[in-house]
Amino acid sequence: MTELAGVYRVARSAAPVREQAVIQLRSLLAGRFQPGERVTEATVCELLGTSRTTVREALRQLETEGLIEIVPGKGPTVARVSESDVRDLYEIREVLESFAIMLFTERASADEKARLASAFSDLEKAHASGEATRVLEAKQAFYDVLFEGAHNNSISALSQRIYYQVARVRLASLSAERIQAGIGELRIVHEFMAAGSAREAQDAYAVHMRNAREAAVEAVKRFN
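From a predicted model like this one, the values you see are computed outputs, not experimental measurements.

Regarding the overall build of the chain
- If you tally the helices and strands in the chain, you get ten helices and two strands.
- Out of the 224 residues belonging to the chain, those deemed buried represent 45%.
- Counted over contacts in the chain with a minimum sequence separation of 6, partners at least 24 positions apart contribute 73%.
- Within the structure as shown, the chain displays about 11100 Å² of accessible surface, and the carbon and sulfur contribution to it stands at 50%.

Notes on the nonpolar core
- Within the largest apolar cluster, 42 residues are counted, with the highest numbers of intra-cluster contacts made by Val86, Leu146 and Met193.
- Mapped onto this core, the elements with two or more residues apiece are α4 (83-107), α5 (110-129), α6 (132-150), α7 (153-165), α9 (176-194) and α10 (198-223).
- Excluding residues that lie within four positions of it along the chain, Leu146 makes contacts with Ala100, Ile101, Phe104, Leu116 and Met193.

Some points on the pairing of strand β2 (residues 75-78)
- Bridge count between strand β1 (residues 68-71) and β2: four bridges; the pairing is antiparallel. Directly across from Val71, in β2, lies its bridge partner Gly75.
- Here β1 folds back onto β2 in antiparallel fashion, the turn holding three residues, of which Gly73 has a positive phi close to 80 degrees.

Describing the pattern of salt bridges
- Scanning all chains against the criterion turns up seven salt bridges.
- We note a salt bridge from Glu41 to Arg52, for which the minimum N-O separation is 3.2 Å. Separated by eleven residues along the polypeptide, Glu41 in helix α2 (residues 41-48) and Arg52 in helix α3 (residues 52-64) bring together distant segments of the chain.
- Given a relative accessible area of 42%, Arg52 falls into the partly exposed group.

Structural notes on the environment of Asp85
- By the element assignment, Asp85 lies in helix α4.
- The partly exposed category is assigned to Asp85, whose relative accessible area is 32%.
- Put simply, Asp85 and Val166 are 81 residues apart on the chain and 9.2 Å apart in space, counted from C-alpha to C-alpha.

Procedures and definitions
- Residues numbered from 1 in each chain as written.
- Predicted model: local features only at pLDDT ≥ 70, side-chain atom pairs only at ≥ 80, totals over all residues.
- Heavy atoms only, no water.
- Helix = DSSP H or I, 4+ residues; strand = E, 2+ residues; numbered from the N terminus.
- Buried < 20%, exposed > 50% of the residue type's maximum accessible area, 1.4 Å probe, protein only.
- Contact = heavy atoms within 4.5 Å.
- Areas by Shrake-Rupley, 256 points an atom, 1.4 Å probe, with all protein chains shown as cover.
- Core = buried A, V, L, I, M, F, W, Y, C linked by side-chain atoms within 4.5 Å.
- Pairing = 2+ DSSP bridges.
- Salt bridge = Lys/Arg side-chain N within 4 Å of Asp/Glu carboxyl O.

Interpretation in functional terms is not warranted from these geometric data alone.
Set out below in structure tokens:
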């Protein structure tokens, strides 16, 4: 535990401590705890370096997001994700992110398009490393630029929530073969976007999401 205590610490910044705690706790649930595992206030306090009051508030927030379940006699636990949950969440992801692709193609500035190209280049470099965690981080950076260029804050907020609900599943689903295929699929999407072909980009993204969904479902089967 001691070696992890500094990794997730809430920093001193202008953002409210509770908001920082929620962000860090989401990351913790994706990378430190297992589905169904109990999440004790004492453990989280040590990892985040915050008060129990802040941790309780953060846990309540994550309960409303579906990341935490309150189990009678056990307390807060990491929510489990079923095959049905994954299919539902990926269907929503496809709708939201496909819409973001259309909006980005229509609304993004030249600078935002250049940043998306740079983010995709970073994603290809992450792929070359063969590290699944690094690939996920680079993909999230790509999506961050996509959502910003779409100029629709609601899409970004909703997609971020879904991301954390399936984060562990996504990591488990990224075999070397899936990483290779996924990068190729996104390359086609990005090429259509760069050419201003929103409909073709959306069609290509539907293929990417279908394949990602099936890989995630297989990962859930291994969890359960």
